[in-house]
Amino acid sequence: MLKKIGVRSEMMYAAGVASIGLTFASWVASYFGERAGTDRADRWGLFIGEWAPTFFAIGIALRLEETQPSPQDLEAPAREERAEAYRGAEMRNPVR
């Protein structure tokens with residue numbers, strides 16, 4: 001769905017890197033701006049810091065989508081060859 005609306009893997013990687021910087025910035029802003037102590041600054045930093053792995057994971061998923069051909073992109077004979085190979089493997093290794 002993200003691919004259909006134009007989101008690319010590079011955008012997600014950039015968002016991950018940006019969220020790492022935003023984590024540091026929010027920690028510093030909370031620590032020096034609110035004077036609420038290290039505990040509150042740590043909470044802000046951790047809250048925003050948890051976004052980075054999500055952005056990187058979405059970026060990896062999008063990269064896989066970008067590099068793998070979809071079944072619709074394959075020509076009909078190639079689809080049939082892949083289907084036959086799958087059926088042949090299924091016959092050799094039946095699921096019990």
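On a predicted model such as this, the values are computed, not experimentally measured, just so you know.

**Student:** Mind showing me how you'd approach the overall build of the protein chain here?
**Tutor:** Check the secondary structure of the protein chain and you find 4 helices and 0 strands. Counting from the amino terminus, helix and strand elements in the protein chain follow one another as α-α-α-α. Scored against the burial criterion, the 96 residues of the protein chain give a buried share of 16%. Within the protein chain, counting contacts between residues at least 6 apart in sequence, those at least 24 apart form 66% of the total. Per element, the accessible surface of the protein chain, about 7,600 Å² overall, is 63% carbon and sulfur.

**Student:** Explain the environment of R40 to me, please; I cannot follow it from the model alone.
**Tutor:** Along the chain, the position of R40 falls in helix α2 (residues 38–49). Residue R40 is classed as partly exposed on the basis of its relative accessible area of 37%. For the pair formed by R40 and W27, sequence separation is 13 residues and the distance between their alpha carbons is 8.5 Å. For R40, the residues in contact, after removing those within four places along its chain, are S30 and E34.

**Student:** What's the story with a nonpolar patch on the surface in this structure? I'm lost.
**Tutor:** Judged by side-chain polarity, L22, W44, F47 and W51 come together as a nonpolar surface patch covering roughly 400 Å² of accessible area. Take L22: it is sitting in helix α1 (residues 9–33).

**Student:** Quick question: what am I supposed to make of the packing of α2 against helix α3 (residues 51–67) here?
**Tutor:** Angle between the axes and distance between the axes are the two parameters that describe a pair of packed helices. One way to put it is that α2 packs onto α3 with a least axis distance of 5 Å and a crossing angle of 10°. In terms of orientation, α2 and α3 fall into the roughly parallel class. Between α2 and α3, the contacting residues are F47, I48 and G49 on the first element and W51, A52 and P53 on the second. Counted by class, the contact of α2 with α3 contains 5 nonpolar, 1 polar and no charged residues.

**Student:** Is there a simple way to explain α3 in this structure?
**Tutor:** Since the α-helix packs 3.6 residues into each turn, any two residues three or four apart lie on the same face. Here α3 spans 25 Å end to end across 17 residues, near enough to the 24 Å set by a 1.5 Å rise per residue. Turning to α3, its buried residues number three or more, namely A52, G59 and L62. Buried positions in α3, seen along its axis, are confined to an arc of 90° and lie on one side of it. Buried residues belonging to α3 abut α1 and α2.

**Student:** Where do I start with the confidence of the model for the protein chain in this structure?
**Tutor:** Detailed reading of the predicted coordinates is not advisable wherever pLDDT falls low. Averaged over all residues, the pLDDT of the protein chain is 78; the fraction at 70 or higher stands at 78%. By mean pLDDT, the top-scoring element of the protein chain is α3 (88), and the lowest-scoring one is helix α4 (residues 76–92) (69).

**Student:** Looking at this model, I keep getting lost on the packing of aromatic side chains. Mind explaining?
**Tutor:** Geometry of an aromatic ring pair is reported as the spacing of the ring centres plus the angle between the planes. For the structure on display, the rule yields 2 aromatic pairs. Taking the centre distance of 5.6 Å and the plane angle of 75° together, the rings of F47 and W51 count as edge-to-face. Here F47 falls in the partly exposed class, since its relative accessible area comes to 46%. With relative accessibility at 34%, the residue W51 sits in the partly exposed group.

Thresholds, definitions, all that
- Residues numbered from 1 in each chain as written.
- Predicted model: local features only at pLDDT ≥ 70, side-chain atom pairs only at ≥ 80, totals over all residues.
- Heavy atoms only, no water.
- Helix = DSSP H or I, 4+ residues; strand = E, 2+ residues; numbered from the N terminus.
- Buried < 20%, exposed > 50% of the residue type's maximum accessible area, 1.4 Å probe, protein only.
- Contact = heavy atoms within 4.5 Å.
- Areas by Shrake-Rupley, 256 points an atom, 1.4 Å probe, with all protein chains shown as cover.
- Patch = residues over 30% accessible without salt bridge, like charges linked within 9 Å, V, L, I, M, F, W, Y side chains within 5 Å.
- Salt bridge = Lys/Arg side-chain N within 4 Å of Asp/Glu carboxyl O.
- Axes fitted to C-alpha atoms, helices over the stretch in contact; angles between N-to-C directions.
- Parallel < 35°, antiparallel > 145°, perpendicular 65-115°, else oblique.
- Nonpolar A, V, L, I, M, F, W, Y, C, P; charged D, E, K, R; others polar.
- Expected span 1.5 Å × (residues − 1).
- Arc of directions from axis to C-beta.
- pLDDT = per-residue confidence, 0-100.
- Phe/Tyr/Trp six-rings, centres within 6.5 Å; stacked < 30°, edge-to-face > 60°.

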